[in-house]
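# Chain and residue survey
As a plain string of letters, each chain reads:
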Amino acid sequence: MSTQSLAGGPRRFPLVPTAALLFGALYCLLPVVWVLVASTKSGSELFSTFSFLPGSGFTDNVADLTAYRDGVYWKWMANSAFYAGVGALLSTAVSAVSGYALAVYRFRGKETVFNILLAGVLMPPVILAVPQYLLLAKADMTDSYLSVLLPVILSPYGVYLARIYASAAVPADVIEAGRMDGGGEWRIFRTIALPMMVPGLVTVFLFQFVAVWNNFLLPYIMLGDDEKFPVTLGLYTLLQQGSNTPALYTLVITGALLAIIPLIALFLVIQRFWSLDLLSGAVKS
C-alpha cells in the first residue's frame, strides 16, 4: 500500500477489476442494445445497414406485428402474463407457507425434507419436463393452461429462500408471544410472520415471475394449440417461419424487445421493497 493511501490521499485506480467489470457489463448489454437498434429497422435495412445504426421502421414493425394473424402476438403476451402472474403468486404462497414451517417448527424428517428441496434446486428443468408431461398426459391435462401452471407452483428454490428469510426475519420470541396471547398457528403466521417476510417473498415472486415468463421448454412440450402459447414459444414459431419468409425476422426482433418491457416495469415497481431492512417490522431480541 502506498504512503498516500495510508495518509488518506488519493488511492490507486484498480485497473484490472474495473476492466473486468466493464467487459462483463458490455458482454451482457451488447445483445440488448442490438435488439433495441435492430427493432427500429425495416426488413430491407436489417440486412443492408451497419448493425448498430438505427433505422426508421420501428412504428411500422409494431403495426405489422400487431396485424400479424389478427394480433396473435398480444394473445401470446397475455398468456405469458397469465402464466407468470398466476404461477408466481401461487408459487410465492406455497413457498411462504412451506418456508415458514421449515424455519419455525420442529418435526421428524425436517432436515430430510429440506435436503430433498436442495436437491430439487440443483435438478435441471429439462430432466423434470418429460416426467411432468407423462403425468399430465395420464390425467388428460396436456395442451391446457393448467399444464403450464401446475408444474411451476412448487419452486424448490422459492421454498429455500423463504425458509432462509423466515429464519432471519421472524424471531422465535415474537412467535412465542403470539402463542401466549392465545393466537392460533394460522393467525400467527398470517398476522405476525407474513408481514415480516414480505421483502423476502417479493424476491421469491420476482424470481419466479421472470423464470415463468422466460420459460420455453415446458410450454414447448405441453402445448400444441398456438392460441395458448406464451410469448417465448410464439416468437420461436415466428423465427422458424422466418427461414422461409425473411420479412418475419423484423417481427421476431420487435416482439423480443416488447417482451422485455413488462419485466423491466415489474422490477421498477417492486424494487422499493428491497430497501427494507432484513428485520423490517420485527422486534429484535
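Computed from a prediction, not measured in an experiment: that's the story for all the values here.

### Here's the deal with the side chain of Ser155
By the secondary structure assignment, Ser155 is in the loop between α8 (145–153) and α9 (156–169). Overall, Ser155 belongs to the buried group, its relative accessible area being 9%. Looking at Ser155, its side chain comes within polar contact range of the side chain of Gln208, at 3.5 Å. Discounting residues that sit within four places of it in the chain, Ser155 has contacts with Ser91, Ser95 and Gln208.

### Digging into a nonpolar patch on the surface
A cluster of nonpolar side chains, Leu26, Leu29, Leu30, Val33, Trp34, Phe50, Phe52 and Leu53, forms an exposed patch at the surface whose accessible area comes to about 750 Å². Note on placement: Trp34 falls in helix α2 (residues 15–38).

### Here we look at the layout of surface pockets
When its volume is computed, the largest pocket comes out at roughly 800 Å³. As for the largest pocket, its lining consists of 30 residues, of which Leu128, Pro151, Leu154, Ser155 and Pro156 are closest to the centre. If one sorts the elements of the lining of the largest pocket by residue count, helix α7 (residues 125–138) sits on top with six residues. For the lining of the largest pocket, the residue count by class is 24 nonpolar, six polar and no charged. Quantified by volume, the second largest pocket comes out at close to 260 Å³. Forming the boundary of the second largest pocket are Trp213, Asn214, Val231, Thr232, Leu235, Tyr236, Leu239, Val252, Ala256, Ala259, Ile260 and Leu263. When residues of the lining of the second largest pocket are traced back to their parent elements, those giving at least two are α13 (231–242) and α14 (248–270).

### A short note on the packing of aromatic side chains
Scanning all chains against the criterion turns up 15 aromatic pairs. Relative to Tyr160, the ring of Tyr157 has its centre 6.3 Å away and its plane inclined at 25°; by these criteria the two rings are stacked. On the criterion of helical spacing, the pair formed by Tyr157 and Tyr160 is a turn pair, its members being three residues apart in helix α9. Take Tyr157: its relative accessible area is 39%, and that puts it in the partly exposed class. Since its relative accessible area comes to 28%, Tyr160 is described here as partly exposed. Three or more aromatic residues joined by ring pairs make a cluster, and in this case those are Tyr100, Tyr105, Trp186 and Phe189. Note that Arg163 overlies the ring of Phe114, its terminal NZ or CZ placed 4.0 Å from the centroid.

Criteria and thresholds
- Residues numbered from 1 in each chain as written.
- Predicted model: local features only at pLDDT ≥ 70, side-chain atom pairs only at ≥ 80, totals over all residues.
- Heavy atoms only, no water.
- Helix = DSSP H or I, 4+ residues; strand = E, 2+ residues; numbered from the N terminus.
- Buried < 20%, exposed > 50% of the residue type's maximum accessible area, 1.4 Å probe, protein only.
- Polar contact = N/O pair within 3.5 Å; in protein donor to acceptor, adjacent residues only side chain to side chain.
- Contact = heavy atoms within 4.5 Å.
- Patch = residues over 30% accessible without salt bridge, like charges linked within 9 Å, V, L, I, M, F, W, Y side chains within 5 Å.
- Areas by Shrake-Rupley, 256 points an atom, 1.4 Å probe, with all protein chains shown as cover.
- Salt bridge = Lys/Arg side-chain N within 4 Å of Asp/Glu carboxyl O.
- 1 Å grid on protein atoms, 1.4 Å probe; cavity = no way out; pocket = protein on both sides within 12 Å on 5 of 7 lines; lining within 4 Å.
- Points joined across faces, edges and corners; volume = space filled by probe spheres on them.
- Nonpolar A, V, L, I, M, F, W, Y, C, P; charged D, E, K, R; others polar.
- Phe/Tyr/Trp six-rings, centres within 6.5 Å; stacked < 30°, edge-to-face > 60°.
- Lys NZ or Arg CZ within 6 Å of the ring centre and 35° of its normal.

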